[in-house]
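Take a look at the letters that make up each chain.
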8 protein chains.
Amino acid sequence: MNRSRLAELLEAVRHGGLPVEEAVDRLRDLPYGELGEAKIDNHRELRQGYPEVLLCQGKTKGQVREILGYMIRERNHNVLATRADGDIFAAVSDLHPDLRYNTIGRTLALRREPVEAPRGSLAIVTAGTADLPVAEEAFETACLFGARVERINDVGVAGVHRLVPHLPVLRQARVLIVVAGMEGALASVVAGLVDSPVVAVPTSVGYGASFGGLAALLGMLNSCAGGVGVVNIDNGYGAACLAGLILRS
Amino acid sequence: MNRSRLAELLEAVRHGGLPVEEAVDRLRDLPYGELGEAKIDNHRELRQGYPEVLLCQGKTKGQVREILGYMIRERNHNVLATRADGDIFAAVSDLHPDLRYNTIGRTLALRREPVEAPRGSLAIVTAGTADLPVAEEAFETACLFGARVERINDVGVAGVHRLVPHLPVLRQARVLIVVAGMEGALASVVAGLVDSPVVAVPTSVGYGASFGGLAALLGMLNSCAGGVGVVNIDNGYGAACLAGLILRS
Amino acid sequence: MNRSRLAELLEAVRHGGLPVEEAVDRLRDLPYGELGEAKIDNHRELRQGYPEVLLCQGKTKGQVREILGYMIRERNHNVLATRADGDIFAAVSDLHPDLRYNTIGRTLALRREPVEAPRGSLAIVTAGTADLPVAEEAFETACLFGARVERINDVGVAGVHRLVPHLPVLRQARVLIVVAGMEGALASVVAGLVDSPVVAVPTSVGYGASFGGLAALLGMLNSCAGGVGVVNIDNGYGAACLAGLILRS
Amino acid sequence: MNRSRLAELLEAVRHGGLPVEEAVDRLRDLPYGELGEAKIDNHRELRQGYPEVLLCQGKTKGQVREILGYMIRERNHNVLATRADGDIFAAVSDLHPDLRYNTIGRTLALRREPVEAPRGSLAIVTAGTADLPVAEEAFETACLFGARVERINDVGVAGVHRLVPHLPVLRQARVLIVVAGMEGALASVVAGLVDSPVVAVPTSVGYGASFGGLAALLGMLNSCAGGVGVVNIDNGYGAACLAGLILRS
Amino acid sequence: MNRSRLAELLEAVRHGGLPVEEAVDRLRDLPYGELGEAKIDNHRELRQGYPEVLLCQGKTKGQVREILGYMIRERNHNVLATRADGDIFAAVSDLHPDLRYNTIGRTLALRREPVEAPRGSLAIVTAGTADLPVAEEAFETACLFGARVERINDVGVAGVHRLVPHLPVLRQARVLIVVAGMEGALASVVAGLVDSPVVAVPTSVGYGASFGGLAALLGMLNSCAGGVGVVNIDNGYGAACLAGLILRS
Amino acid sequence: MNRSRLAELLEAVRHGGLPVEEAVDRLRDLPYGELGEAKIDNHRELRQGYPEVLLCQGKTKGQVREILGYMIRERNHNVLATRADGDIFAAVSDLHPDLRYNTIGRTLALRREPVEAPRGSLAIVTAGTADLPVAEEAFETACLFGARVERINDVGVAGVHRLVPHLPVLRQARVLIVVAGMEGALASVVAGLVDSPVVAVPTSVGYGASFGGLAALLGMLNSCAGGVGVVNIDNGYGAACLAGLILRS
Amino acid sequence: MNRSRLAELLEAVRHGGLPVEEAVDRLRDLPYGELGEAKIDNHRELRQGYPEVLLCQGKTKGQVREILGYMIRERNHNVLATRADGDIFAAVSDLHPDLRYNTIGRTLALRREPVEAPRGSLAIVTAGTADLPVAEEAFETACLFGARVERINDVGVAGVHRLVPHLPVLRQARVLIVVAGMEGALASVVAGLVDSPVVAVPTSVGYGASFGGLAALLGMLNSCAGGVGVVNIDNGYGAACLAGLILRS
Amino acid sequence: MNRSRLAELLEAVRHGGLPVEEAVDRLRDLPYGELGEAKIDNHRELRQGYPEVLLCQGKTKGQVREILGYMIRERNHNVLATRADGDIFAAVSDLHPDLRYNTIGRTLALRREPVEAPRGSLAIVTAGTADLPVAEEAFETACLFGARVERINDVGVAGVHRLVPHLPVLRQARVLIVVAGMEGALASVVAGLVDSPVVAVPTSVGYGASFGGLAALLGMLNSCAGGVGVVNIDNGYGAACLAGLILRS
């Protein structure tokens, strides 16, 4: 349901062509698909500009299969599911021949319609190799927005000189995602070098006093550089949503 | 120092017109002003698109007066200082006749040059009246970027109907700042209703298990709505930097 | 032992028909069943209006089997055990042919006597599909109280419009249980829309800075809406006890 | 604005008697009073059954005076403000001759209309003398609901025998509020002795490892007794809202 | 090495019968057994009145076997090892025919010499069946001290009446160990009823906001009853050491 | 009320000489003094062997004066009040000419009856001078038990040699209280050197990552030495209660 | 690339022998090896005096094999990988015949070139046997620096006399690493006895309120002895890097 | 008392010239000065190479005056007191005419004897102006060791270019102290650029989620650069002790 169809319906109420009760029923039913244990937010794309994404974590294989099947069958959108381990993929791989599994990023994607590329590019930067799963999740999500993505890996601040050759790419990006665990200092350093917004993703990479990513999270929140927005630990999906909305703005 | 002058200098080195030692000296001195106990980042505007802002908290009145005096005298930029309590203002009010003090936002501002307004507008939304100081700090900072700002106050989720009349304003903003303490749920609710990026600022408003803003911070980081970037507790300045960079992107 | 039998016994002491020592012995033995490693609180129903429920977590299969067997054999009440994984069920499934296992809610229930339905209904609302195990535990517990239950699933605040069609059901419930993980904002939003008490159950659904449900817990405790009582993370059982006592009040 | 007037207005739209634009304007303006920096939720009483209460903490004296003045002038309801220290009271005491200040509970109350007493009574129980400020806040709030209140003070578990003489009062209450700091064990003990819902309020009374009420909060959340709903630390107001809604249910 | 032999050695130095160097060597070697990766504190019994106990957790099976073998072979004391899972027992069960494994308490014990019973008795009280492993560890350790032990299980405060019949036993104990998880309130309640010292052991029994025993730990530390000493979460061994020293004092 | 008088009363009920109702009334009234906002636990000395102690913190000057006045007037016991700042003392100093104020320990004491000294002595050991206020509170409390006290100050582990000359005193004490802030390591070191029970009191002495005494608290709870019981941060009173009960056992 | 080659290159630029563009390319490529998902910091040895060490944790077996293979093939340095479990070793053991696996320390080492021993020795001290894995990781790392290492195991403060015979070794070391879990007090005690710098490594050895090493970490940070530098929990590698740099200084 | 005098005394015992009892008395009295409430560690300089430093925080003015007076009168060493606020200085300023007060660093120093400068220099680097108090405390302490100190202020990572001109100074220092609040990233960046040991001092500079320096502390502990030793938050004194011992090693 798009905006113009919504306007028609409301006009019909005003002219008496549509009884109030019936209009309420239509509007009540439209915005999501009722699956018993889940409600698919069909309205999301209209409201927020990108389709609902399925978070597999915490759901049973049966629930994932039912919801993903609905999303593939009933709608013509591109489809993305995150936090899908190998068992999940095995349980749903027959749902569509073009369903693609990213083993590092643990995502399931089905691309069916082209997405118009927004102005500018997105740079995804990681501090270390162990941050790649989160960066991959961000990459797959960014594709939903049609974003052009540049990727720079393993440039953590212990060897800050590794960052220098990539400064031109960093500086021409319209928005950047910085993915870092441990002390998470890369976000501050990058934000101090560019004049674009930086989305910082702390990761749970590390041990001991990293406390599952808390150290990186606090570091990024306390960044002495302005222009840094932080998302949840390991939340590559959320980082790319924010970056995608910025690119589209 | 702008980009073209930097290029000239480097060319002069290449052609031998400028000895290496001397070039190093010039570059060493240029990017910041040395004040003994502080280094003013004159290079910031070139590098990041907005001037360095003075955080007064943790500095003595003497230090603030010295740094602010330098910023007012030596440069022609607009000037902003944050977290300035009444004592600070009393200690510096004579530095310039146009220095303006925002008692709620605790900011000192001197506007001397017009700033070109970026495309689109910024909406600053607060959950409650007690969140105003943070929203004011964000507002004053947003002015550095020339942002056009819409403000909507006291629309916390306990009476979510208060939000409804403002949906048109929220939806036409190119970026939104949501300022909320206590459980911080307003960020999720707003982000679920718009298709623009949302910068969430948790505040220390609340008591008991709000733990100085921790509850709101965690709530915002765990937002089930995509497109939310979080900054530090009470960090209105940082939120506006991020929003300003998004508007300029 | 009910109230009238207690009164008789005490009168017998007063009239000398029952020696003090013997009365003490009877009273000492009555209120619980002694099983060596456990004491079954037979007195609970008299004192609190609902039978003791067996928490399986932390007990060995042998201990669960012994206690559950006692509860089934020696008393004629309805029986409920919570946090029973598949291994536990396998170890006790032969104790009674009518013992029913709820695989999602991980509960074991035996219904033998009808329970009088209290006035009004209970609504159990979940933010997402992954919150269902907790909601199921609440549902099974609510049945001990004879509660009439309405269930509304997957209406988290990222798509708050999904909540709207259910407002009539929410508003006619005499008490509501809201089950939500991540930022837990649904409790505040629902409590702001109804005039009945809300029991909020934070869940451990989420990752990273949800810290095992801490984010949702703090969010619910800091709810800016009045009328919200919070129980432990994932404690569907406790939520339903509270709701059941409210319905019976 | 009550329900029947709302229905009239919507019928007027359907019959064309009221243009859509104008109806939107009326509805937009009705449910709250716009005070610039605050929005008074006039709709609260219609929606939730009790008037909006003003939390003074975090607001300036000027803001409190403006909002309280509006609530006294524009509406005929009973008025309550919480967390009002002596300075606040001095700043608003001239607003109405009947405004009453509770020095222990730090509340400001104006009672203008009788409230119908709901069925049953509320017992407010404290563990120690230092918990009285929270209990007083709860008491003043309970009066908004017309509740009949029984109060039992200083019966903490270190001398659990002090609780025994009060068992009849505890057991006949329809709902109980237990206010306790330190280890907060009183909530569990009371809940194990009654068959009514218990609202537990942890307080910041204590020192060291009480961590500002965290110990009591965690103790109450982990209560091994069913039927306990917890509110924020020191939140006497919230406890009474929940208890009031239970009494009215 | 006992006190009189130590005195002899020192006298020998004073009279010149023993060169300083040699005396140092003897003293250096005596107090512990050197096993390469471990040093067995043979001096412990002389210094503290009970033999060193082997904590298996964190050690490999090979290390446990080597140390336990040394303790069994080289010394004639009673031997105790704690936190020994089934694999550990399998790896060492052949070391001595009288080595006894407590499957619930996860302890290995070898009793070879009688221990004189100290004056008075020790009561070990648990709140629930799931606290038994910790209570068993305490029981096995108390046997090292020759303590006479009374055990009372499953008397948590949700049904505080279950505690009443055991009051005489509780009150005649010279010291009590209270083992409780969840909110840990049993320690306060018991300490308020007796005039003997109480050793409180918080356990990790519980879930959610018990945070691995933190809730019980904080509750016990904040006990409003005097006379409570707290040990680490799940530390049945430490509780019994403290109780044993009290009995011997 | 002592034990024999209690027995008489119960016999009177059995023989009919005392109606049940009247007996209940007497027992209800006896065990505590009702002061409106407080209940004085007169029964404490009978039940626990030492009189109730007044914690001033969190109470108003008026409340302290009322309760202390009652304790002084109505009973002939020794009286102790803790956490009494100078304002409190000024407000109550006229209540009795022999009331003594300990400025370092912030206690108020009135000694009227001799207390029989228990067997053995108590050693109170501090790590540093800043720990003295807590040690003084412990000392004053120990006097309630008639304890003979040895005091050893400023022997923290940074100069562990300072401890050596005091070993004889430490080793002959029947129980020890170790008061230490910062890392709190003194408790472990002392407990490893003696064969008596050690009561460890973490203090809030320190800064930064001492987190108000948390570091010392955790250190003491994790002591690798057996025989250590921990009380709340800064809780000199509780430490002395525990030590006093041990001495009396 | 060493310092003299760098100087040559820069001179070539100054004399025009090397175009700026080409110099930039060379410098850009030199300092690290680009492996796609990782960048090997070849420049580390030049910059910091010891080669980059591979942290295996968080990397897949394929990634470890690729990076380790590069380090073995392309460079002639000594090689070290840490946090390598048995599976990792199985996956890479064929890369070089001299690759050595330390099963306790979980390190992979290849020694190919002799390292000049720095002045003085390093002492590695552990509190208990369970701390050995961290001590072994430190030992293997110290070998990269050519350090002469003395090792003293199992001298925790519960039996502080075990430390005495080792004082001469401790006092002659130029730097010490103290490895301790639980309360971590050994670091303070050792630092109080020597006049050399102490590197303290908290370990996750312990349970309950050790909170994964947090207790030891806080204890060490709050050490009342000066001269203690703390590294992350279980970070034997980092401790040895610091100690190695001190030895080389 | 120096090492040779200690050896003489022990020889005297061996030859019978000094009775054991008397020797014990002398040794007992020598190593510290007994002041009643404090013990001055005169032995510290012998044992650790620098005199005991007085931490004023937590001590009363009277206690500081007594201890400082003793240190000035009885010994001829240099004297340092830290955390001395203005009131403390006023209370002791008459103790010696050369006592010098550092208002920013809050230290009191008396330099009476020259200290031999150790090999190499120390660089103290701060991230911001607000970190100066901690850096000053470190500077004053470093003077006790005779260290040559280079100071570089206000080079936080938000403008990492400000660090570049100081690289030569950083790289030639034999040890560095990095003082930083907020995210504390400067320690990692500096450690990645030098080959000397880095002592990292987190400061409490910041607000909100800096949680009093916790963010910087965790960041520094998780530094991805090797060679970083961390001290307590705001502990400039401890950092300089560690750096001083390294310089002397």
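Fair warning: this is a prediction, and the values are worked out from it, not measured in the lab. (Residues numbered from 1 in each chain as written. Chains lettered and ligands numbered in written order. Predicted model: local features only at pLDDT ≥ 70, side-chain atom pairs only at ≥ 80, totals over all residues. Heavy atoms only, no water.)

Peer 1: Talk me through the overall build of chain A; I want residue IDs and the actual numbers.
Peer 2: Each helix and strand in chain A was counted, giving 10 helices and 11 strands. Per-residue burial for chain A yields a buried fraction of 65% across its 249 residues. Taking the contacts inside chain A whose residues are at least 6 apart along the sequence as the reference set, 67% of them involve residues at least 24 apart. (Helix = DSSP H or I, 4+ residues; strand = E, 2+ residues; numbered from the N terminus. Buried < 20%, exposed > 50% of the residue type's maximum accessible area, 1.4 Å probe, protein only. Contact = heavy atoms within 4.5 Å.)

Peer 1: Tell me about the sheet that holds strand 3 (residues 54-55) of chain H, and name the residues and values.
Peer 2: Residues and elements named next belong to chain H. Pairing is mixed in the open sheet, where four strands are placed in the order 3-4-6-5. Edge positions in the sheet fall to strand 3 and strand 5 (100-102), since each of these pairs with one other strand and no more. Across the sheet, helix 6 (residues 132-144) touches strand 4 (79-82), strand 5 and strand 6 (107-110), and the angle it forms with strand 4 is around 160°. (Pairing = 2+ DSSP bridges. Axes fitted to C-alpha atoms, helices over the stretch in contact; angles between N-to-C directions.)

Peer 1: An account of unusual backbone geometry is requested, with residue identities and associated values reported.
Peer 2: Glycine aside, the phi torsion of most residues is negative, and most peptide linkages are trans. Residues and elements named next belong to chain F. Positive phi, normally seen in glycine, also occurs at M182, with a value near 45°. Examined against the element boundaries, M182 turns out to sit in the loop between strand 9 (175-180) and helix 8 (186-191). Its relative accessible area of 22% is what places M182 among the partly exposed residues.

Peer 1: So what about the relation of the copies chain B and chain A? Which residues, and what values?
Peer 2: Taken as rigid bodies, chain B and chain A are interconverted by a rotation of 180° and an axial shift of 0.0 Å, the fit giving an RMSD of 0.1 Å. These values place the two chain copies in the arrangement generated by a two-fold rotation axis. Comparing interface residues between copies, 100% of those in chain B also lie at the interface in chain A; the contact surface is shared. (Least-squares fit on C-alpha atoms with pLDDT ≥ 70 in both.)

Peer 1: Which residues make up the pairing of strand 4 (residues 79-82) of chain C, and what values go with them?
Peer 2: For a regular strand, side chains alternate in direction, first toward one face of the sheet and then toward the other. All names here are of chain C. Of the two faces of strand 4, both are covered, the one formed by V79 and A81 as well as the one formed by L80 and T82. With two bridges connecting them, strand 3 (residues 54-55) and strand 4 associate as parallel partners. Looking at the pairing, L55 lines up with T82 of strand 4. Pairing of strand 4 with strand 6 (residues 107-110), which is carried by three bridges, proceeds in the antiparallel orientation. Following the sheet pairing, A81 is matched in strand 6 by L108.

Peer 1: Quick rundown of the pattern of salt bridges? Include the residues and the values.
Peer 2: Counted according to the given criterion, the structure contains 40 salt bridges over all chains. As a salt-bridge pair, R151(C) and E136(C) come within 1.9 Å of each other at their nearest N and O atoms. Of this pair, R151(C) sits in strand 8 (residues 148-152) while E136(C) is found in helix 6 (residues 132-144), placing the two residues 15 residues apart along the sequence. On the basis of relative accessibility, which here comes to 36%, the residue R151(C) falls in the partly exposed class. E137(E) serves as the salt-bridge partner of R83(E), at 3.5 Å between the closest nitrogen and oxygen. Separated by 54 residues along the polypeptide, R83(E) in the loop between strand 4 (79-82) and helix 5 (86-92) and E137(E) in helix 6 (residues 132-144) bring together distant segments of the chain. When salt bridges that share partners are traced, they join R100(A), R111(A) and E140(A) into one network. (Salt bridge = Lys/Arg side-chain N within 4 Å of Asp/Glu carboxyl O.)

Peer 1: I'd like a description of the packing of helix 9 (residues 214-221) of chain A against helix 9 (residues 214-221) of chain H, backed by residues and values.
Peer 2: Put simply, helix 9 of chain A and helix 9 of chain H touch, their axes get as near as 8 Å, and they point 125° apart. With respect to helix 9 of chain H, the axis of helix 9 of chain A lies oblique. For the pair helix 9 of chain A and helix 9 of chain H, the crossing hand works out as left-handed. Two secondary-structure elements touch here, helix 9 of chain A through L214(A), A215(A) and L218(A) and helix 9 of chain H through L214(H), A215(H) and L218(H). (Parallel < 35°, antiparallel > 145°, perpendicular 65-115°, else oblique. Left-handed = near helix turned anticlockwise from the far one by under 90°.)

Peer 1: Go over helix 6 (residues 132-144) of chain D, please, and point to the residues and values.
Peer 2: All names here are of chain D. In this model, helix 6 (13 residues) spans 19 Å end to end at C-alpha, consistent with the 18 Å of a helix rising 1.5 Å per residue. Buried residues dominate helix 6, accounting for 11 of its 13 residues. Just downstream of helix 6 lies G146, where phi reads positive at about 75°. (Expected span 1.5 Å × (residues − 1).)

Peer 1: Tell me about the packing of aromatic side chains, residues and numbers included.
Peer 2: Here the structure, examined in full by the defined rule, presents eight aromatic pairs over all chains. With a centroid separation of 4.6 Å and 5° between ring planes, the pair formed by F89(A) and Y101(A) is classed as stacked. Of the two residues, F89(A) sits in helix 5 (residues 86-92) while Y101(A) sits in strand 5 (residues 100-102), which places them 12 residues apart along the sequence. One Lys or Arg, R83(B), reaches over the ring of Y207(H) and ends 3.8 Å from the middle of that ring. Sitting over the ring of F139(E), R151(E) keeps its end group 4.1 Å from the ring centre. (Phe/Tyr/Trp six-rings, centres within 6.5 Å; stacked < 30°, edge-to-face > 60°. Lys NZ or Arg CZ within 6 Å of the ring centre and 35° of its normal.)

Peer 1: Give a detailed account of the environment of R83(G), specifying residues and quantitative values.
Peer 2: By relative accessible area, which is 13% here, R83(G) ends up buried. If sequence neighbours within four positions are ignored, R83(G) has contacts with Y207(A), L55(G), C56(G), Q57(G), R106(G), E137(G), D234(G) and N235(G). A distance of 2.7 Å separates a polar atom in the side chain of R83(G) from the backbone oxygen of D234(G). (Polar contact = N/O pair within 3.5 Å; in protein donor to acceptor, adjacent residues only side chain to side chain.)

Peer 1: Describe the interface of chain B and chain A, naming the residues involved and giving the relevant values.
Peer 2: Interface size is often expressed as the accessible area that is lost when the parts come together. Between chain B and chain A, the residue contacts involve 31 residues of the former and 32 residues of the latter. Summing the contributions of chain B and of chain A, the shared interface buries around 2,500 Å²; its carbon and sulfur component is 53%. Seen at the junction of chain B and chain A, the total is zero salt bridges. For the pair chain B and chain A, the number of links is seven residue pairs in polar contact (both at pLDDT 80 or more). With five residues, helix 10 (residues 236-248) of chain B is the single largest residue contributor to the side of chain B that touches chain A. Considered class by class, the residues forming the side of chain B that touches chain A number 15 nonpolar, 11 polar and five charged. (Buried area = accessible area lost by both parts, 1.4 Å probe. Nonpolar A, V, L, I, M, F, W, Y, C, P; charged D, E, K, R; others polar.)

Peer 1: Talk me through the environment of K59(F); I want residue IDs and the actual numbers.
Peer 2: Residue and element names in this part refer to chain F. Along the chain, K59 turns up in the loop between strand 3 (54-55) and helix 4 (61-74). Remark: the alpha-carbon pair of K59 and A84, spanning 25 residues in sequence, is separated by 9.9 Å. Within the structure, K59 has its side chain in polar contact with the backbone oxygen of L55 (distance 2.7 Å).

Peer 1: Describe the sheet that holds strand 5 of chain A, listing the residues and the values that go with them.
Peer 2: Residues and elements named next belong to chain A. Taking strand neighbours across the sheet as the criterion, the four strands line up as 3-4-6-5 in an open arrangement whose pairing is mixed. Looking at the sheet topology across the chains shown, the edges are occupied by strand 3 (54-55) and strand 5. As judged from the three bridges shared by strand 5 and strand 6 (residues 107-110), these two strands associate in the antiparallel manner. Each residue of the ladder has a partner; that of R100, found in strand 6, is A109.

Peer 1: Give a description of helix 4 of chain F that names residues and reports values.
Peer 2: Spanning 14 residues, helix 4 of chain F covers 20 Å between terminal C-alpha atoms, matching the ideal 20 Å at 1.5 Å per step. Among the residues of helix 4 of chain F, those classed as buried are Q63(F), V64(F), I67(F), L68(F), G69(F), Y70(F), M71(F) and I72(F).

Peer 1: Explain the confidence of the model for chain A to me, using residue names and the numbers behind them.
Peer 2: All names here are of chain A. The pLDDT averaged across chain A works out to 86; a share of 82% of its residues lies at or above 70. Scored below 50 in pLDDT, residues 1-6 makes eight contacts in the model with residues more than four places away or belonging to other chains. Across the assembled chains, the prediction reports ipTM 0.86 with pTM 0.89. (pLDDT = per-residue confidence, 0-100.)

Peer 1: An account of the packing of helix 6 (residues 132-144) of chain B against helix 10 of chain B is requested, with residue identities and associated values reported.
Peer 2: All names here are of chain B. Interaxial distance between helix 6 and helix 10 falls to 8 Å at its minimum, and their mutual angle equals 35°. Relative to helix 10, the crossing made by helix 6 is right-handed. Judged by residue contacts, V134, E137, A138, T141, A142 and L144 of helix 6 engage G236, Y237, A240, C241 and R248 from helix 10. Of the residues belonging to the contact of helix 6 with helix 10, the class tally is seven nonpolar, two polar and two charged.

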